[in-house]
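# Residue-level structure breakdown
So the chains spell out like this:
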Amino acid sequence: MSTFRATNNTPPKAREPFAVAAPPKTEIPDGPTEQIGERRPGKRRNWGFLLVTAVALFALNVAGVAVFVAWRAAHLARAALQQQPVAAAAPGPGEDFDVSYAQEPLRVQVGCSAVLFLDLDEPRSNAGEKVSDLRYDSRCGDQPPSLTLGSGAAGGSQVRNNDTDAAGCARAIRTSPIGPGASVPVRKGAVLCVLTAASPARMVLVEITDVGRTGTAGMRATSWKVAA
C-alpha cells in the first residue's frame, strides 16, 4: 500500500524588494520664496548699468548745449565785428552831430497861391526870405503845395524814412540831392533832410505830419549841430 504525500505546489512567495524611504514632504510657505531684503546680483548689475547710461546721456546733452552756446556767441561776435566798420564809416570827414532840438512842431497856414518861408536854425515859421531854409508855396485848386530849398540852405534831399538820423541825412544829401529849381510835393508822410548854411550849420529832418485845406500844413523838425 502506497502512502500519499501531500505536496505543496504553491510557489514560494516572491521576496519584496528593499523599500526606499521617501523624503519627508516639505511644505512650501505662502508668499515670496526668498528672504526679505535679499537682492539678486543680476538686478544690482541692471540698475547700475541703467544709472551709468543715464549719467552718460545727461553729460552728452550738457556738452551739446555748451557747444551750441559757444557757436552762437561766436556767430554774434562775428556779426558785431562785421557791422562796426560800416557804422564807423557812415559819417563823412568833419561830420560830428549833436542834437540841438527834437520833434519841434511847425505850422504853416497861408492863403491860396501864397508863399511862406521857414528858418530851420531856430526853428521858425514865417521867417525872412534871406535866412529861410525852406520855401512853402501854396497852390489853388487841386494842386498840392510844394517845398523848395531856401537861400539859407546849403543842400537837401527827400528821404523815405522818418527814422533817418543825421548821418543818414548827410549821406542822402551827398548821393541824391534836391537840384536847383526842384520841389517836393507837400503830402502827409513826406520827409526831407536839409543842411543849413548857418554857423554852426544844422542838419535838419523835416516830416510833414498833416495837410489840411488850401495853405495849411503841419510839420515837425529835429535838428543836429554839425561840427566845423
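An account of the accompanying structure is given in this report. The shown structure was predicted, so the numbers you read here are calculated from the model rather than taken from an experiment. (Residues numbered from 1 in each chain as written. Predicted model: local features only at pLDDT ≥ 70, side-chain atom pairs only at ≥ 80, totals over all residues. Heavy atoms only, no water.)

## A word on the overall build of the protein
Assigned secondary structure in the protein consists of 2 helices and 10 strands. Counting helices and strands in the order they occur from the N terminus, the protein gives α-β-β-β-β-β-β-α-β-β-β-β. By the burial criterion, 29% of the 228 residues in the protein qualify as buried. The long-range fraction of contacts in the protein, counting pairs at least 24 apart against all pairs at least 6 apart in sequence, stands at 51%. Working note: accessible area of the protein is about 16600 Å², and carbon and sulfur atoms make up 57% of it. (Helix = DSSP H or I, 4+ residues; strand = E, 2+ residues; numbered from the N terminus. Buried < 20%, exposed > 50% of the residue type's maximum accessible area, 1.4 Å probe, protein only. Contact = heavy atoms within 4.5 Å. Areas by Shrake-Rupley, 256 points an atom, 1.4 Å probe, with all protein chains shown as cover.)

## Considerations on the state of the cysteines
Evaluation of the coordinates by the stated rule reveals 2 disulfides. A disulfide bridge connects Cys112 with Cys140, and the sulfur atoms are separated by 1.4 Å. Here Cys140 lies in the loop between strand E4 (134-137) and strand E5 (146-149) and Cys112 lies in the loop between strand E1 (97-109) and strand E2 (115-119), a separation of 28 residues in the sequence. By relative accessible area, Cys112 is classed as partly exposed at 44%. (Disulfide = S-S within 2.5 Å.)

## Some remarks on helix H2 (residues 166-175)
When you tally the buried positions in H2, you get 7 out of 10 residues, the bulk of the element. Regarding H2, the residues found buried are Ala166, Ala167, Gly168, Cys169, Ala170, Ala172 and Ile173. Those residues of H2 that are buried lie in contact with E1, strand E6 (153-159), strand E8 (191-196), strand E9 (202-211) and strand E10 (216-226).

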